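Structural description and commentary
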Amino acid sequence: MGKMRTQSAPWRAVAVLASVLLVGGVAACGNSDTGGGGTKDDGKITMGFSQVGAESGWRTANTISIKEAATAAGIELKFDDAQQKQENQIKAIRNYIQQKVDVIAFSPVVESGWDTVLKEAKDAGIPVILTDRSVDSADKSLYKTFLGSDFVKEGKLAGEWLVEQKKTATGPVNIVELQGSTGAAPANDRKKGFGEAIAANPNLKVIASQTGDFTRAGGKQVMEQFLKANKKIDVLFAHNDDMGLGALEAITAAGKVPGKDITIITIDAVKDGMQALADGKFNFIAECSPLLGPQLMDLAKKVKDGQEVPARIETQETTFTTEQAKEALPNRKY
Ligand code: AHR
């Protein structure tokens, strides 16, 4: 039998240090007390955020709100602009999963097709927060909460205002509709809400409805087509201010007076839209607030802590007429 070798003092010290490092390393990798499963528990929060794009004034204000709020809350933000493409968002979310961020937040460009990637995040133990737009997943456990507007309500408010304005109309009122990006929750829901509201007056008829992709260029181009194809347009309902602003150019170029010859209703209430309303070029705006950053960061902290959060948090919003826009404009933040 060979003799057992005893370690000399320096070797013993190295072995002890190695085992301490090994145990520490395993603990860091396997930490499940973070609310973020496989994520690090270093006391800091890292958020991976996938933004829709930079298609509108609303979106720019939303991005600023998120970046400023992250800094103020001491949250490290990894930000990606998906340029209005779902495949870019899926890629960004997969990157965030690989990087083991603490929380993933995103504003889904379209409503459908998220289950697989959301399941990947769930399996990795990374909580997901939906902000601004939601998804149509049947499995609500795939995300922690949805913070954003009620888009159906916005469309309804726009439609109800029009019904009131046209309550004495005896002949047909021809409406054209500039829809947001195809498949996006605000496009689907605003169309639905508006349609439901105007059904109360059989004189109100949507004679043309097409996407302008939430952009000024899209709004201008589609409005030009509407004007060429339809002799009598009484009302424009644009799913956001930017498309309405683009349409103003087409309407003016066609020799018509926006806000008079054609009643214009939009959604968002960003500064440029509010200015057009104050100037009488738009007639009514239903607000959609982009200032979601502070609430989002607060939710991220709670979710990381493992606290319960409400499944749905609705943004508080209002509507504006020309007089109200004149009053609100000087203090408008976006
Ligand atoms: O999801 C919110 C919508 O997206 C805004 O109404 C629009 O301006 C933006 O592009």
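Structure's up top.
A short tour of the structure in this document, coming up.

Conventions used here
All residue numbers refer to position in the chain's written sequence, counted from 1. Given that the model is predicted, a residue must reach a pLDDT of at least 70 before its local features are reported, and side-chain atom pairs must reach 80 or more before they are shown or counted; all residues, however, enter totals for whole chains, interfaces and linings. Based on all heavy atoms of the structure, the side-chain values leave hydrogens and waters out of the count. Labels follow the DSSP assignment, with helices taken as runs of H or I lasting at least four residues and strands as runs of E lasting at least two, numbered in each case from the N terminus. Under the scheme applied here, a residue whose accessible area is under 20% of the maximum for its type counts as buried, over 50% as exposed, and between as partly exposed, the area being computed with a 1.4 Å probe on protein chains only. Any pair of residues with heavy atoms lying within 4.5 Å of one another is described as a contacting pair. We define the nonpolar core as a collection of buried residues of types Ala, Val, Leu, Ile, Met, Phe, Trp, Tyr and Cys that are connected through side-chain atoms lying within 4.5 Å of one another. We call a residue near a molecule or strand as soon as one heavy atom of that residue lies within 4 Å of the molecule or strand. N or O atoms within 3.5 Å of each other form a polar contact, as long as, within protein, one can give a hydrogen and the other can take it, and as long as residues adjacent in sequence are counted only when both atoms are side-chain atoms. The Shrake-Rupley method, run with a 1.4 Å probe, gives the accessible areas here. Residue values count only the displayed protein chains as cover. Here the nonpolar group is Ala, Val, Leu, Ile, Met, Phe, Trp, Tyr, Cys and Pro; Asp, Glu, Lys and Arg are the charged ones; every other residue, Gly included, is treated as polar. The span expected for a helix works out to 1.5 Å for each residue beyond the first. Each direction from the helix axis to a C-beta atom contributes to the arc, which is the arc of those directions. By convention, a stacked pair of Phe, Tyr or Trp rings (six-membered ring in the case of Trp) has centres within 6.5 Å and planes under 30 degrees apart, an edge-to-face pair has planes over 60 apart, and any other such pair is tilted. We count a charge as sitting over a ring when the NZ of a lysine or the CZ of an arginine lies within 6 Å of the ring centre and within 35 degrees of the ring normal.

Digging into the overall build of the protein
- Scanning the protein for helices and strands turns up 11 helices and 12 strands.
- Residue burial in the protein is summarised as follows: out of 334 residues, 49% are buried.
- Contacts in the protein between residues far apart in sequence, at least 24 positions, make up 74% of those at least 6 positions apart.

Describing the nonpolar core
- In terms of nonpolar packing, the biggest core is built from 32 residues, with Met223 and Leu236 touching the most fellow members.
- Within the residue set of this core, elements represented by two or more residues are β6 (173-179), α7 (216-229), β8 (235-238), α8 (241-253), α9 (271-278) and α11 (322-328).
- With 6 residues, the single largest contributor to this core is α8.
- Beyond its immediate chain neighbours, meaning those up to four positions away, Met223 contacts Val176, Leu178, Ile233, Leu236, Ala247, Ala250, Ile251 and Ile262.

Digging into the site of the ligand
- Around the ligand sit Glu55, Ser56, Trp58, Arg59, Asp132, Arg133, Phe151, Pro186, Arg190, Phe214, Asn240 and Asp268, and that is every residue in its neighbourhood.
- The side chain of Ser56 places a nitrogen or oxygen atom 3.1 Å from an oxygen atom of the ligand.
- The side chain of Asn240 places a nitrogen or oxygen atom 2.9 Å from an oxygen atom of the ligand.
- Computed on the free molecule, the ligand has an accessible area of 280 Å², of which 100% lies beneath the protein chains in the complex.
- Elements that contribute at least two residues to the shell around the ligand include exactly α2 (57-73) and α6 (185-198).
- Its residues assigned to classes, the shell around the ligand comprises 4 nonpolar, 2 polar and 6 charged.

Some details on the side chain of Ser50
- Its place among the elements puts Ser50 in strand β1 (residues 46-51).
- Within the structure, the side chain of Ser50 is placed 3.2 Å from the side chain of Gln89, a separation counted as a polar contact.
- Among residues more than four places away in sequence, those in contact with Ser50 are Asp80, Ala82, Gln89, Ala92, Tyr96, Ala105, Phe106 and Ser107.

Quick notes on the environment of Phe284
- Locating Phe284 in the fold gives a position in strand β10 (residues 284-287).
- In this structure the C-alpha to C-alpha distance between Phe284 and Ala269, which are 15 residues apart in sequence, comes to 9.4 Å.
- Once residues lying within four places of it in the same chain are set aside, the contact partners of Phe284 are Leu157, Ala158, Trp161, Ile264, Ile265, Thr266, Leu277, Thr319, Phe320 and Thr321.

Points about α7
- With 14 residues, α7 should cover 20 Å at 1.5 Å per step; its first-to-last C-alpha distance of 20 Å lies within 8% of that length.
- Within α7, the full set of buried residues consists of Gly218, Gly219, Val222, Met223, Phe226 and Leu227. Relative to the axis of α7, the buried residues are bounded by an arc of 155° and lie together on one face. Turned more than 90 degrees away from the buried face of α7 sit Ala217 and Lys228, all of them exposed.
- Those residues of α7 that are buried are in contact with β6, β7 (204-211), β8 and α8.
- Where α7 starts, the residue carrying a side-chain oxygen 2.9 Å from the main-chain nitrogen of Gly218 turns out to be Thr215.

Some details on the packing of aromatic side chains
- On inspection of all chains with the given rule, the structure shows 4 aromatic pairs.
- The interplanar angle of 15° and the centroid separation of 4.0 Å between the aromatic rings of Phe194 and Phe237 together place this pair among those described as stacked. Residue Phe194 is found in helix α6, and its partner Phe237 is found in strand β8; the two are separated by 43 residues along the sequence. We note that Phe194, like Phe237, is buried.
- Across the ring face of Phe79, the terminal group of Lys67 is positioned such that the distance to the ring centre comes to 4.4 Å.

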